[in-house]
Amino acid sequence: IRRPPRATPKPSSAASDVYKRQRSIEAFERSLEARPGWWCASCALAHLESDPKQILSVLERVLEHGSDRAFETALEVIHRRRLVPDLERALVELVQTDDSRRAPPLLARVIRLLAMGPTDRSARVIIRSLASHHALLQAAALDAATDRKASPAVRAGCSLVDVALLERLSSSPEEAVRQGAVRALRGRSGSRARDMVQRLLVAPTPEVRLTAVDALH
């Protein structure tokens, strides 16, 4: 009786797994540059579900060195996957850096994400952004400070925002900043918010008066 020929030796399954995982990581990183970014990234993420550390590693690299397109998609992934607690340090450093190469609209998205930050580091960044020279960052900070879904640490930290600062911001020339400041005042001091709305109603510019009218509804 003739024995069947021996099967061709197969490569190590461990080495094969490493190769497949590396290909999946590369595919995920490339997907962040694609359009529509979130759809492509979610497909690539399906192959990395068992390796969350690699997902976080890729996202950290993109936040630090990626293109604006990849950066924007990475923020969407972080938001949808609720990864802010895992990436809080990287997100905080993006906003704290004075010479950040990211445009204000992208940094504003980061600030809004930090509403979900698990520690008071996120709250400090949000409060600091209220004093920014960019209205987009101020408006984003006010959104984060008044976000009803904010983490307990952020709610506690933002409760220390100076009411006088909020009153100054409620007279900002930017509508989004005015609305956010009035909303924040309502949460802090109802009587002072009403007084501020009354003052805005007699402001010289119609845009400011319209903000007061909106606040009454």
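One structure accompanies this document, and this report is about it.

Cut-off values and rules
- Residues numbered from 1 in each chain as written.
- Predicted model: local features only at pLDDT ≥ 70, side-chain atom pairs only at ≥ 80, totals over all residues.
- Heavy atoms only, no water.
- Helix = DSSP H or I, 4+ residues; strand = E, 2+ residues; numbered from the N terminus.
- Buried < 20%, exposed > 50% of the residue type's maximum accessible area, 1.4 Å probe, protein only.
- Contact = heavy atoms within 4.5 Å.
- Areas by Shrake-Rupley, 256 points an atom, 1.4 Å probe, with all protein chains shown as cover.
- Core = buried A, V, L, I, M, F, W, Y, C linked by side-chain atoms within 4.5 Å.
- Axes fitted to C-alpha atoms, helices over the stretch in contact; angles between N-to-C directions.
- Left-handed = near helix turned anticlockwise from the far one by under 90°.
- Parallel < 35°, antiparallel > 145°, perpendicular 65-115°, else oblique.
- Nonpolar A, V, L, I, M, F, W, Y, C, P; charged D, E, K, R; others polar.
- Expected span 1.5 Å × (residues − 1).
- Arc of directions from axis to C-beta.

Some thoughts on the overall build of the protein chain
Okay, step 1: Of the regular secondary structure elements, the protein chain holds 13 helices and zero strands.
Okay, step 2: What you see in the protein chain, going N to C, is helices and strands ordered as α-α-α-α-α-α-α-α-α-α-α-α-α.
Okay, step 3: In the protein chain, buried positions account for 41% of the 217 residues.
Okay, step 4: The contacts in the protein chain between residues at least 6 apart in sequence include a share of 65% that link residues at least 24 apart.
Okay, step 5: Carbon and sulfur atoms provide 53% of the accessible area of the protein chain, an area that totals close to 13000 Å².

Here's the deal with the nonpolar core
Nonpolar side chains in soluble globular proteins tend to be buried together.
Okay, step 1: Among the nonpolar cores identified, the biggest contains 52 residues, and Leu 59, Leu 63, Ile 78 and Leu 91 are the most heavily contacted of them.
Okay, step 2: The element best represented in this core is helix 5 (residues 84-96), accounting for seven residues.
Okay, step 3: Discounting chain neighbours no more than four positions away, the residues touching Leu 91 are Leu 63, Leu 75, Ile 78, Val 84, Val 110 and Leu 114.

Some points on the packing of helix 4 (residues 68-80) against helix 5
Okay, step 1: Where helix 4 contacts helix 5, the axes come no closer than 11 Å and their chain directions differ by 145 degrees. Here helix 4 and helix 5 pass one another in a crossing that is left-handed. Of helix 5, the residues touching helix 4 (which contributes Phe 71, Leu 75 and Ile 78) are Val 84, Leu 87, Leu 91 and Leu 94.

Description of the packing of helix 6 (residues 104-113) against helix 8 (residues 135-145)
Okay, step 1: It is the contact of helix 6 with helix 8, at a shortest axis distance of 8 Å, that shows an interaxial angle of 15 degrees. By the angle class used here, helix 6 and helix 8 are roughly parallel. Crossing handedness for the pair helix 6 and helix 8: right-handed. Together, Pro 104, Pro 105, Leu 107, Ala 108, Ile 111 and Arg 112 of helix 6 and Leu 136, Leu 137, Ala 139, Ala 140, Ala 141, Asp 143 and Ala 144 of helix 8 make up the contact between the two elements.
Okay, step 2: Along the lines of polarity and charge, the residues of the contact of helix 6 with helix 8 split into 11 nonpolar, no polar and two charged.

Comments concerning helix 3 (residues 52-65)
Okay, step 1: Helix length check: helix 3, at 14 residues, gives a terminal C-alpha distance of 20 Å against a target of 20 Å (1.5 Å per residue), a fit within 8%.
Okay, step 2: Buried residues of helix 3: Ile 55, Val 58, Leu 59, Val 62 and Leu 63, and no others. Projected down its long axis, helix 3 carries its buried residues within an arc of 135 degrees, all on one side. Seen from the buried face of helix 3, the exposed residues on the opposite side, beyond 90 degrees, are Lys 53, Glu 64 and His 65.

As for the side chain of Ser 122
Okay, step 1: The topology assignment puts Ser 122 in helix 7 (residues 120-129).
Okay, step 2: Looking at Ser 122, the relative accessible area reads 0%, which means it is buried.

With respect to the environment of Ala 108
Okay, step 1: By the secondary structure assignment, Ala 108 is in helix 6.
Okay, step 2: Given the relative accessible area of 2%, Ala 108 is considered buried.
Okay, step 3: Each C-alpha atom of the pair Ala 108 and Ala 140 lies 5.3 Å from the other, and the pair is 32 residues apart in sequence.
Okay, step 4: Those residues within four positions of Ala 108 in sequence are excluded, and the remaining contacts are Leu 136, Leu 137 and Ala 140.

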